[in-house]
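Chain by chain, the residues run as shown.
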Amino acid sequence: MLNPYLFYQDTCEAAFNHYAKTLGGKIDAMMRSSDAPPDMPAAPGREKTIMHARMSLPGGTVLMASDVPAEHFHKPQGFAVSFTVADPADGERKFNALADGGSVTMPFSKTFWAKGFGMCVDKFGIPWMVNCPAEGM
């Protein structure tokens, strides 16, 4: 099983709430840094950040994430989270919701390989591809 693990700069909770609503996911876990054992206390000011989050998405996919301190954060690059949707209208709705507040790299449209495909970076800085594959793809 291969599951993406995303890192955020103190926006993990907002991102996961957005993805749950947008993608139809279910948040299975949302552990705060303050939930760590007493001998591993959160750094001052980081008590409310997310130490680990887990979301189940339709189709059996699991998405995991956490907040990281600024000195450990690197802007996401060189990958995209790919989300496959059967219905192009649903795919376009999901794409537009992910792109809202972010930027569109490739507008959602029909391609020679898909009934619908689009690329964006969401408002949390995560690159996404939404794909509605053509028959046989």
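A brief structural summary. These numbers were taken from a predicted model, which means no experiment stands behind them. (Residues numbered from 1 in each chain as written. Predicted model: local features only at pLDDT ≥ 70, side-chain atom pairs only at ≥ 80, totals over all residues. Heavy atoms only, no water.)

## Let's talk about the nonpolar core
Soluble, globular proteins show a tendency: their nonpolar side chains are buried together.
Move 1: The biggest cluster of nonpolar side chains holds 27 residues, and the ones touching the most others in it are Tyr8, Phe16, Tyr19 and Trp128.
Move 2: Per-element accounting of this core gives the leading share, six residues, to helix H1 (residues 12-23).
Move 3: With near-sequence residues (within four places) excluded, Trp128 lies in contact with Tyr19, Leu23, Leu63, Ala80, Val81, Phe83, Leu98, Gly118, Met119, Cys120 and Asp122. (Core = buried A, V, L, I, M, F, W, Y, C linked by side-chain atoms within 4.5 Å. Buried < 20%, exposed > 50% of the residue type's maximum accessible area, 1.4 Å probe, protein only. Helix = DSSP H or I, 4+ residues; strand = E, 2+ residues; numbered from the N terminus. Contact = heavy atoms within 4.5 Å.)

## Section: the sheet that holds strand E2 (residues 26-32)
Move 1: Overall, mixed pairing links the four strands, which are arranged E1-E4-E3-E2 in an open sheet. At either end of the open sheet lies a strand with only one pairing partner, and these are strand E1 (5-8) and E2. Taken over all neighbouring pairs, the strand axes of this sheet differ in orientation by 15° on average, direction set aside.
Move 2: Bridge count between E1 and strand E4 (residues 62-67): four bridges; the pairing is parallel. (Pairing = 2+ DSSP bridges. Axes fitted to C-alpha atoms, helices over the stretch in contact; angles between N-to-C directions.)

## Some details on the sheet that holds strand E8 (residues 127-133)
Move 1: Spatially, E5-E8-E7-E6 is the arrangement adopted by the four strands of the open sheet, whose pairing is mixed. The sheet is open, and its two borders are formed by strand E5 (81-84) and strand E6 (103-109), each paired with just one other strand. Each strand of the sheet is rotated relative to its neighbour by a mean of 15°, with strand direction disregarded.
Move 2: Bridge count between strand E7 (residues 114-121) and E8: seven bridges; the pairing is antiparallel. Paired with Gly116 across the two strands is Cys132, which belongs to E8.
Move 3: Along the sheet, helix H2 (residues 88-99) makes contact with E5, E6, E7 and E8, crossing E6 at roughly 170°.

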